Amino acid sequence: MLTVENLAVAYGAINALQDVSFAIPRGGIVTLLGSNGAGKTTTLRTISGLVKPRGGKIFFDGEDITRLPPHRIVQAGLCHVPEGRMVFTNLTVADNLRLGTWRQPDTARTAANRDYVFSIFPRLQERLHQLAGTLSGGEQQMLAIGRALMGNPSFLMLDEPSLGIAPKLVQTIFEKIIEINQRRGITILLVEQNASLALDISSHAYVLESGHILTHGPSTALRADPRLRAAYLGE
Amino acid sequence: MEQILQQLLNGISLGAIYALIALGYTMVYGVLRFINFAHADVFMVGAFLAFFLGQNLPANSIASTILVLLAAMTGCALLGTLIERLAYRPLRSAPTLNVLITAIGVSLLLEYSGQLFLGANPRTFPPVYPSAQLTLGGVILSGNQLLVIGVTAALVLLLQLVIYQTKIGAAMRAVSLNPDAARLVGINVNAVIAFTFALGSALAGAGGVLYAINYPSIDPLMGLMPGLKAFVCAILGGIGNIPGAALGGLILGLVETFVGGSEASTWKDAVAFGLLILILLFRPAGLLGKPLPEKV
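Now for a look at the structure at hand. (Residues numbered from 1 in each chain as written. Chains lettered and ligands numbered in written order. Predicted model: local features only at pLDDT ≥ 70, side-chain atom pairs only at ≥ 80, totals over all residues. Heavy atoms only, no water.)

### Some remarks on empty space enclosed by the protein
Now for step 1: For the coordinates displayed, the defined rule picks out one cavity of 30 Å³ or more.
Now for step 2: A volume near 70 Å³ is recorded for the largest cavity.
Now for step 3: Taken together, A:Val74, A:Cys79, A:His80, A:Val81, A:Pro82, A:Gly100, A:Ala144, A:Arg147, A:Ala148, A:Gly151, B:Leu184 and B:Val185 make up the lining of the largest cavity.
Now for step 4: Secondary structure elements with two or more residues in the lining of the largest cavity: strand S6 (78–81) and helix H6 (137–150) of chain A.
Now for step 5: Looking at the lining of the largest cavity, its residues break down into eight nonpolar, three polar and one charged. (1 Å grid on protein atoms, 1.4 Å probe; cavity = no way out; pocket = protein on both sides within 12 Å on 5 of 7 lines; lining within 4 Å. Points joined across faces, edges and corners; volume = space filled by probe spheres on them. Helix = DSSP H or I, 4+ residues; strand = E, 2+ residues; numbered from the N terminus. Nonpolar A, V, L, I, M, F, W, Y, C, P; charged D, E, K, R; others polar.)

Set out below in structure tokens:
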């Protein structure tokens, strides 16, 4: 569904990504692991069009999206929930969700998506008219995911959904991620510091190190890999 | 007492024009974080568009006035988007300083091509608007003041509706807070920026017409002083803050009028700019602006 071929990204003279290739089939949850600065966020930002690559190609549903502007990529059904949530703190929860439908002209579908978002995150409905800036970290993460779902995506990229969130809410959010994947059939690419949690819910994992893919394989196999256990699972 | 009321009225109507121009500065700053120095010249172009159209319309007519206002606003909206498209958009990823210098360049281009094609001599603005006055208990409300205050109030209300009640308004606020996040929800940020320029420039166009009706001698450099004053208003109210720009306009208009009407009348500009310095000393983010942590 999403194919990345030989992706190279540089910030000035510094190479952030080199020769990164992976393919994510429809329907699953795939995770991208790696330490700080390995290039995980850069990979997501490049796929969603915020960063232009120096080389390589990105295909989504068979279409070359490498040079498309971000709003066209969202329109194609690929949504990115960024690190740090980036909700519009100066707008109400309702307006945040409404902006998620910017590229979604179908009002019946929008209403259905809205109902779905409220069904998985009832907290958002309770706080509909509050400014997003007054929500807790966990609630903002729910809003960021809800906002992305309003755009009717077929593919969701989640960057560090557990970052800065109370442990109890992390559990809830990961349950919802699984639900979104299974009930809505949305393919998910997950970037997560909490490698153990990410390997639990994903079927396949890629490991990035210093801007290139170190290894990849089924999550269960990677969990058993002694090198990874030492580096990312702290065992 | 009557005198105070009269000056209050004069001040509000002067401040209203400043506010119209200041709104454009502050809106563009909100989405792009730079001062569009060419904005004052868009104001001048608005006055000239109304000048050329107004000559061919019946004088002393409300209909003519509405027509020149709409024409100047439309023309300026187009000019504003054109400037954004040709001069600022290619610099989207360049440092702010480059954009700022470009803005000064665009400003000079408009001023001096104005002098080249329209001549440097002042021209008399045609009397499109009927002159009349109303006396209310010793206070004279001129037709011009009624027009300025009425049009400004209507436009500011309309702007408020657009920004706080519509989806494009929410998108403008989203872009202003975090352009990348706006891109990620599928907002076409370039389109929102173009729309912001159109809106701000239309307000400047309306300001140009109102100014020309009140001070009916127009020339290609006429935007300089009102533009500078409006810029001060935008800073005074808190740059990027829309109600702040309107408030800044009113304050400056009132201060100028009261000082101008007193014995120290020659000090009016000094007092206006002194006030700016004073407010910035105690509230560096402006009256309604929120101090922002420096981005690292």
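### What to know about the interface of chain B and chain A
Now for step 1: Contacts between the two partners involve 19 residues from chain B, matched on the other side by 22 residues from chain A.
Now for step 2: Overall, the association of chain B and chain A removes approximately 1,900 Å² of surface from exposure, summing both partners, and the carbon and sulfur fraction of that is 66%.
Now for step 3: Of all residues in chain B, B:Lys167, B:Leu184 and B:Val185 bury the most surface against chain A, accounting for 36% of the area lost on that side.
Now for step 4: Across the pair A:Arg45 and B:Asp180 runs a salt bridge, and its minimum N-O distance is 2.9 Å.
Now for step 5: Summed over the shared surface of chain B and chain A, the number is five residue pairs in polar contact (both at pLDDT 80 or more).
Now for step 6: Ranked by the residues each element gives to the side of chain B that touches chain A, the list is headed by helix H6 (residues 167–177) of chain B, at seven residues.
Now for step 7: Of the residues assigned to the side of chain B that touches chain A, the class counts are 10 nonpolar, five polar and four charged. (Contact = heavy atoms within 4.5 Å. Buried area = accessible area lost by both parts, 1.4 Å probe. Salt bridge = Lys/Arg side-chain N within 4 Å of Asp/Glu carboxyl O. Polar contact = N/O pair within 3.5 Å; in protein donor to acceptor, adjacent residues only side chain to side chain.)

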